[in-house]
Amino acid sequence: MHKNVKLLALTAAAGIAVFALAQWPVKGLFAQLGGSSLPAGLEAIVASRELSPDDVEAALKTYVPPGSYDEFLLFASGGQAGNIEVIGVPSMRLIKNIPVFSKDSWQGFGIGDDDTKRLFKQGAAAGQIQEWGDVHHPALSLTNGQYDGQFLFANDKANARIGVVDLRDFKVRQIIKNPLIATNHCGAKMTENSEYYVEGAQFGNPLPFTEFSPMSKYKENYRGLATFWPFDRASGKFVTNRSFTIELPPYYQDLGGMGKKISHGWVFINTFNAEMATPGALEGKPAMEVQVSQREMDYLHVIHWKKAEELLASGKLPTRTISGMKVVSIDQAVKAGILYNIPEPKSPHGSDVTPDGRFIVVSGKLDPHVTVFSFDKIQKAIASKSFDGKDPFGIPIIKFDAAVEAQVELGLGPLHTEFDDKGYAYTSMFLDSSINKWTLEKGPRGEKPWSLVESLPVHYNTGHLTVAGGDTTQPYGKYLVSLNKWSLDRALPVGPLHPQNLQLIDISGEKMKLLADAPVVGEPHYAVMAPAKIFKPWKVYPEVGLNGLTLKKSATATAPGQERVARNGKDVHVYMTAIRSRFVPDRIDVKQGDKVHLHITNLDRAEDATHGFALSAHNINLSMDPGLTVDVDFVADRSGVFPFYCSEFCSALHMEMMGYLTVAKGN
Ligand code: RUQ
Ligand code: CUA
């Protein structure tokens, strides 16, 4: 189909291409088109590259000319790479890597500097510093349920941690560790006004997880939970001592949908392993995947966090303190009417709330339907006590029929759903490898309600998808990105470990259209997409001598002319400045065994004038953006002569931006 496409035919077939060409600010070119054909030069390119009309249309839609900007920013989780990748849409070009839990020597993150050490210490798990993370679910801060462009949050599934990224400089400001659980999977991310980040446990464990209990006591002693971490916009930090936790059964809490508008104040967290299976392959137990898929139904936890917050504030909800965390027991939560279950089919993953807050869409990977629950019906069921008994922990089970609004047959392996600006829903189909578009209660083009409209194949095995603003109260629509688990033949072969593959899909028209493949590194579990214009990052730091973690004037900032070396016994403090293209001082002479404290201030005020500080044989590389003061401590434990140099090519005389650390033999 790519053979010898005649551009005359293309004109008719791809009116959009011509329309897009008409948008080009190249008047001459459009005139040459004459409404019927492309100029010979373009025709030759199309022919020699064997492009189809569809290819040409996709190319035009994704092309961002040199010097121009993308319309959207995509924040894609880097999975086990522990980072977030910032990608421009529609070009799908990588713009930035944000290291969150893992080191990144480009940004001098975790390569010796004191700030990352402090940050990693906050995020220590069971007393041990973790130098990586498994980032699954990025979330943007919200105001009235819409992205406000201020903060980005990322969870670390492996260690039940959350990182806060400040979008003024796209850097991590805080890492918090939930001391009760070993792993998380992010119940529902941010509430409508970023009041709370809701963290759901993943795998059951004793509370806290650092307390041993034998697996044979799983039902008795293991638990799950949802922790509500209050976020304070002014400081840009979680106020950890004001968090509260609702204890949950040791089913595996999975993804969650956050109430919006009328359902604000509620969260809907699905679970799997209502079987409460435990592993034991060597004792002859079936594999976990078999044990955990026994039941037809798991449970969706329905939690009224707003009421919990009110009751806690007025002292009417008893709590106990475990590992410094305020915990509401399951019994108390049930008694207070803040915790219910609804049966949900089968191996559920996505739990997604429609932009109007009225419906919760659950995707059960082993059920060919998505199940749509009505918030209104849930409220009525609670009020009229339409329960089907209780689960083994005493949590009332809302009758499935009383809560369900629709079940939409979509195909195999529905996983996650988001919404556009027109009233369509889109579900990623893991087994079918497709994006399926369907209608909610009203078909925007007169289609049947609650019905499949279109299925677009993706390559391959899509996990999550993201629509621009697709988890907010006002989606932007326009683009959808499918985050595929397998890439197989989609990229040039580069060895047995394949890249992961993002696919950009245009959803602005009547039919979905695949525009581009974009291989990435790290498992992309989820991504959020927002218009670039809502972000207002700094070009340089607002003043000189700021500490990168506190954004306050650093106690070790050094003004020009104040550079010095101050010795105090074995402690040698070096107050250094960096400016194109020199370090002052540029020689540091110490004795073996001295403890060296470098404090380097980048005095440059020019945009993009970042300096690096690479020190040979000491595992140190710093990065000082214009205005920052960066500190590093190390023991000069080996004698020798160690050059240091700027590792960021900052000027014509960048190669000369260097110095020496000399370490004389001690006695
Ligand atoms: S998850 S696909 Cu956290 Cu869905 Cu990975
Ligand atoms: Cu500073 Cu290169």
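Check the entry above for the structure.
Residues numbered from 1 in each chain as written. Chains lettered and ligands numbered in written order. Predicted model: local features only at pLDDT ≥ 70, side-chain atom pairs only at ≥ 80, totals over all residues. Heavy atoms only, no water.

1. Looking at the overall build of the protein chain
Then step 1. On a plain count of helices and strands, the protein chain comes out with 12 helices and 45 strands.
Then step 2. Taken over the C-alpha trace, the protein chain has a radius of gyration of 28 Å; the compact-globule value for 667 residues is 26 Å, and the two agree within 12%.
Then step 3. The C-alpha extent of the protein chain, read off along each of the three principal axes, is 80 × 75 × 50 Å.
Then step 4. Burial analysis of the protein chain (667 residues in total) assigns 59% to the buried set.
Then step 5. A fraction of 61% describes how many contacts in the protein chain between residues 6 or more apart in sequence connect residues 24 or more apart.
Then step 6. Accessible area for the protein chain stands at about 27,500 Å²; split by element, carbon and sulfur atoms hold 55% of it. (Helix = DSSP H or I, 4+ residues; strand = E, 2+ residues; numbered from the N terminus. Rg over C-alpha atoms; globule rule 2.2 N^0.38 Å. Buried < 20%, exposed > 50% of the residue type's maximum accessible area, 1.4 Å probe, protein only. Contact = heavy atoms within 4.5 Å. Areas by Shrake-Rupley, 256 points an atom, 1.4 Å probe, with all protein chains shown as cover.)

2. A look at the site of ligand 1
Then step 1. Inspection of the region around ligand 1 gives His-136, His-137, His-185, His-349, His-464, Lys-485 and His-525 as its neighbouring residues.
Then step 2. Here the shell around ligand 1 is composed, by residue class, of no nonpolar, six polar and one charged. (Near = heavy atom within 4 Å. Nonpolar A, V, L, I, M, F, W, Y, C, P; charged D, E, K, R; others polar.)

3. As for a nonpolar patch on the surface
Then step 1. A cluster of nonpolar side chains, namely Val-641, Tyr-645, Met-658 and Tyr-660, defines an oily patch on the protein surface of about 370 Å² accessible area.
Then step 2. Listed by contribution, the elements that provide at least two residues to the nonpolar patch are β44 (640–645) and β45 (658–664).
Then step 3. Here Tyr-660 falls in the partly exposed class, since its relative accessible area comes to 36%. (Patch = residues over 30% accessible without salt bridge, like charges linked within 9 Å, V, L, I, M, F, W, Y side chains within 5 Å. Salt bridge = Lys/Arg side-chain N within 4 Å of Asp/Glu carboxyl O.)

4. Some points on the sheet that holds β44
Then step 1. Across the sheet, five strands lie side by side as β39-β45-β44-β41-β42; this open sheet has mixed pairing. A strand with exactly one partner marks an edge of an open sheet, and here the two such strands are β39 (587–591) and β42 (620–624). Ignoring which end each strand starts from, the neighbouring axes of this sheet average 15° apart.
Then step 2. In terms of strand pairing, β44 meets β45 through six bridges, oriented antiparallel. Note that in β45 the partner of Pro-643 across the bridge is Tyr-660. (Pairing = 2+ DSSP bridges. Axes fitted to C-alpha atoms, helices over the stretch in contact; angles between N-to-C directions.)

5. Here's the deal with the sheet that holds strand β3 (residues 94–99)
Sheet strands pair via backbone hydrogen bonds, and the direction of the pair is either parallel or antiparallel.
Then step 1. Strands sit in the order β3-β2-β1-β34 across an open sheet of four strands; the sheet is antiparallel. Two strands bound the open sheet, and with one partner strand each, they are β3 and β34 (527–531). In this sheet, neighbouring strand axes are inclined to one another by 20° on average, regardless of whether the strands run parallel or antiparallel.
Then step 2. By the bridge criterion, five bridges tie strand β1 (residues 72–77) to β34 in an arrangement that is antiparallel. Its bridge partner being in β34, Leu-73 is matched across the sheet by Ala-530.

6. Quick look at the pairing of β34
Then step 1. Burial analysis of β34 places five of its five residues in the buried class, the great majority of the element.
Then step 2. Burial along β34 is two-sided: Ala-527, Met-529 and Pro-531 facing one way and Val-528 and Ala-530 facing the other are all buried.

7. Let's talk about the side chain of Asn-436
Then step 1. Among the secondary structure elements, Asn-436 is positioned in strand β28 (residues 434–439).
Then step 2. A distance of 2.9 Å separates polar atoms of two side chains, one belonging to Asn-436 and the other to Ser-434.
Then step 3. A distance of 2.7 Å separates the side chain of Asn-436 from the side chain of Ser-455, its partner in a polar contact.
Then step 4. Once residues lying within four places of it in the same chain are set aside, the contact partners of Asn-436 are Leu-410, Ala-425, Tyr-426, Thr-427, Met-429, Leu-452, Glu-454, Ser-455 and Leu-456. (Polar contact = N/O pair within 3.5 Å; in protein donor to acceptor, adjacent residues only side chain to side chain.)

8. Some words on the pairing of strand β11 (residues 222–232)
Then step 1. With 10 of 11 residues buried, β11 is to be regarded as a mostly interior element.
Then step 2. Here strand β9 (residues 196–200) pairs with β11 via five bridges, running antiparallel. Of the residues in β11, the one forming a bridge with Gly-200 is Ala-226.
Then step 3. In this structure, strand β10 (residues 205–206) lies alongside β11, joined through two bridges in antiparallel fashion. From the neighbouring strand, Asn-205 faces β11, where its bridge partner is Arg-223.
Then step 4. Sheet topology places β11 next to strand β13 (residues 244–248); five bridges connect them, and they run antiparallel. The residue of β13 that forms the bridge with Gly-224 is Leu-248.

9. Concerning the pattern of salt bridges
Then step 1. This structure, assessed with the given rule, holds 31 salt bridges.
Then step 2. With a shortest N-O distance of 3.0 Å, Glu-309 and Lys-306 are connected by a salt bridge. Taken together, the residues span about one helical turn, with Glu-309 and Lys-306 both in helix α9 (residues 305–313) at a distance of three residues.
Then step 3. The exposure class assigned to Glu-309 is partly exposed, which follows from its relative accessible area of 22%.
Then step 4. Within this structure, Asp-54, Glu-57, Lys-61, Asp-506 and Lys-513 form a network of salt bridges that share partners.

10. Some words on the nonpolar core
Then step 1. Membership of the largest hydrophobic core comes to 47 residues, with the highest contact counts inside it found for Phe-75, Leu-140, Leu-152, Phe-153 and Phe-238.
Then step 2. Considering each element in turn, this core owes the most residues, five residues, to strand β5 (residues 146–156).
Then step 3. With sequence-adjacent residues up to four places away left out, Phe-75 is seen in contact with Ile-84, Glu-85, Val-86, Pro-138, Leu-140, Leu-152, Leu-167, Phe-170, Tyr-526, Ala-527, Val-528 and Phe-535.
Then step 4. Counting residues in hydrophobic clusters, the runner-up holds 37 residues, among them Val-267, Phe-272, Val-328 and Ile-330. (Core = buried A, V, L, I, M, F, W, Y, C linked by side-chain atoms within 4.5 Å.)

11. Quick notes on the environment of Ala-532
Then step 1. Turning to its location among the elements, Ala-532 is positioned in the loop between β34 and β35 (546–547).
Then step 2. In sequence terms Ala-532 and Tyr-196 are 336 residues apart; their C-alpha atoms lie 25 Å from each other.
Then step 3. Residues in contact with Ala-532, not counting those within four places in the same chain, are Asp-70, Glu-71, Phe-72 and Leu-73.

12. Some words on α9
An α-helical turn contains 3.6 residues, so a residue and the one three or four places further along point in the same direction.
Then step 1. Within the sequence span of α9, burial applies to Trp-305, Ala-308, Leu-311 and Leu-312. Seen from one end, α9 has its buried residues packed into an arc of 120°, which puts them on one side.
Then step 2. Backbone geometry just after α9 places Gly-315 at a positive phi near 70°. (Arc of directions from axis to C-beta.)

13. What about the packing of aromatic side chains?
Centre distance and the angle of the planes are the two values used to describe a pair of aromatic rings.
Then step 1. Inspection of the entire model under this criterion finds 29 aromatic pairs.
Then step 2. Considering the side-chain rings of Phe-109 and Phe-120, the 5.7 Å spacing of their centres and the 80° angle between planes classify their relative orientation as edge-to-face. On the criterion of sequence distance, the pair formed by Phe-109 in the loop between β3 and α6 (114–122) and Phe-120 in helix α6 is long-range, its members being 11 residues apart.
Then step 3. Since its relative accessible area comes to 4%, Phe-120 is described here as buried.
Then step 4. Connected via pairs of aromatic rings, a cluster forms that spans Phe-151, Phe-153, Tyr-197, Phe-231 and Phe-238. (Phe/Tyr/Trp six-rings, centres within 6.5 Å; stacked < 30°, edge-to-face > 60°.)

14. Brief notes about helix α11 (residues 375–383)
Then step 1. The set of residues buried in α11 consists of Phe-375, Ile-378, Ala-381 and Ile-382. Each buried residue of α11 sits inside an arc of 120° when the element is viewed along its axis, so together they form one side. Exposed positions of α11 whose direction lies more than 90 degrees from the buried face are Lys-380 and Ala-383.

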